[in-house]
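Structural overview
For reference, the chains in residue letters:
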Amino acid sequence: MCTDCRQQDVSRRRFIGTGAAGALVPLLNAAAWADKGADDVVCRAAWGAKPPSGKFKHHKIERVTIHHSGVVLAQNRDAPAALRGAQAYHQDSGFPDIAYHFMIDRHGHIYKGRPRWARGDTFTEYPTKGHLLLMCEGNFEEQDISSQQLASLCDVAAWATRLFDIPIGRIRGHRDYAATACPGEDLYRRLENGSIKKRVRRRNESGGINLEQLCGKKGKRLVHRIEMGTD
Ligand SMILES: [Zn+2]
């Protein structure tokens, strides 16, 4: 079980209420979703992402594919540094950017990766075209996903399936496409037993969720708190 996140305050997630299901609106259109709920997404500048180092290939999102980092994150305060390290490693390996579109830490903070219109990258053999790649920090072969992390993962998956009109059955794990343990046993079993899909469906049936970028001073302050171990 996650032992480093039990006492954390999760009030940062702002649930403004749930309205009736409405029309789809573009990403980060906060005003149009004001009667629903929104999660903050730490913008790239706030977590210290470098600019892309190469050209992206465009794609149209048709499925959601879930990953883990494969590394046990002993302290969640190390998450932003782990992401900076992952981006550097991916860019050194020839990818234009961190491989994923969204990353989620042990406390459920969501970070923006590469643009969603950009095809993801992989060290394994599968075509990433059409896949929205979500990555949870941790190694779920060795540890359980935390409840905050799972909640944020379901939120991002709900946002994506609704916005891009993706059937719930197309929320799958990396190992469904390639020879890998990713996203680890504890996370994969929640995909297999339908519990993630159920939460995503319920979330969308109750009005959906929006993602709002947290940038500038607010974003930097949040990352500072995460790195101090206080958020
Ligand atoms: Zn993976």
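So, here is what we can say about the structure in this document. (Residues numbered from 1 in each chain as written. Predicted model: local features only at pLDDT ≥ 70, side-chain atom pairs only at ≥ 80, totals over all residues.)

**Describing the nonpolar core**
- Among the nonpolar cores identified, the biggest contains 44 residues, and Leu134 and Ala157 are the most heavily contacted of them.
- Take this core: its biggest share by element is 8 residues, from helix α3 (residues 147–163).
- Beyond its immediate stretch of four places on either side in the chain, Ala157 contacts Val64, Leu134, Ile171, Ile196 and Val200. (Core = buried A, V, L, I, M, F, W, Y, C linked by C-beta atoms within 7 Å. Buried ≥ 20, exposed ≤ 12 C-beta atoms within 10 Å, placed from the backbone. Helix = DSSP H or I, 4+ residues; strand = E, 2+ residues; numbered from the N terminus. Contact = placed C-beta atoms within 7 Å.)

**Some words on the environment of Pro127**
- Its place among the elements puts Pro127 in the loop between β5 (110–112) and β6 (131–136).
- Accessibility expressed as a C-beta count within 10 Å gives 11 for Pro127, which makes it exposed.
- Expressed as a C-alpha distance, the spacing of Pro127 and Ala178, which sit 51 residues apart in the sequence, is 9.5 Å.

**Focus: the pairing of β6**
- For β6, the buried fraction is high: 6 of the 6 residues fall into the buried class.
- Neither face of β6 is exposed, since His131, Leu133 and Met135 on one face and Leu132, Leu134 and Cys136 on the opposite face are all buried.
- Relative to β6, strand β3 (residues 63–68) is paired through 6 bridges, and the arrangement is parallel. By the bridge assignment for β6, Arg63 is matched with His131.
- Relative to β6, strand β4 (residues 102–104) runs parallel, the two sharing 3 bridges. (Pairing = 2+ DSSP bridges.)

**With respect to helix α6 (residues 216–228)**
- Relative to the 18 Å expected for 13 residues at 1.5 Å per residue, α6 spans 18 Å between its end C-alpha atoms, a close match to the ideal helical length.
- Within α6, the full set of buried residues consists of Gly219, Val223 and Ile226. When α6 is viewed along its axis, its buried side chains cluster within an angular range of 55 degrees and face the same direction. Facing away from the buried side of α6 by more than 90 degrees, the exposed set consists of Lys217 and Met228.
- Tucked into the core, α6 has its buried residues touching β2 (37–42), α1 (44–47), α2 (79–92) and β8 (209–214).
- Once α6 finishes, Gly229 follows within two positions and takes phi at roughly 85 degrees, a positive value. (Expected span 1.5 Å × (residues − 1). Arc of directions from axis to C-beta.)

**Remarks on the packing of α3 against helix α5 (residues 195–205)**
- α5 packs onto α3 with a crossing angle of 60 degrees between their chain directions and a minimal axis gap of 9 Å. Comparing their axes, α5 and α3 come out oblique. Read as a crossing pair, α3 and α5 show a hand that is right-handed. Residues Cys154, Asp155, Ala157, Ala158, Thr161 and Arg162 of α3 form the contact with α5, whose participating residues are Ile196, Arg199, Val200, Arg203 and Asn204.
- For the contact of α3 with α5, the residue count by class is 5 nonpolar, 2 polar and 4 charged. (Axes fitted to C-alpha atoms, helices over the stretch in contact; angles between N-to-C directions. Parallel < 35°, antiparallel > 145°, perpendicular 65-115°, else oblique. Left-handed = near helix turned anticlockwise from the far one by under 90°. Nonpolar A, V, L, I, M, F, W, Y, C, P; charged D, E, K, R; others polar.)

**Section: α3**
- In this model, α3 (17 residues) spans 24 Å end to end at C-alpha, consistent with the 24 Å of a helix rising 1.5 Å per residue.
- Counting buried residues along α3, 13 of its 17 residues qualify, which places the element largely inside the surrounding structure.
- Once α3 finishes, Asp165 follows within two positions and takes phi at roughly 55 degrees, a positive value.

The values are spatial; any link to function lies outside them.
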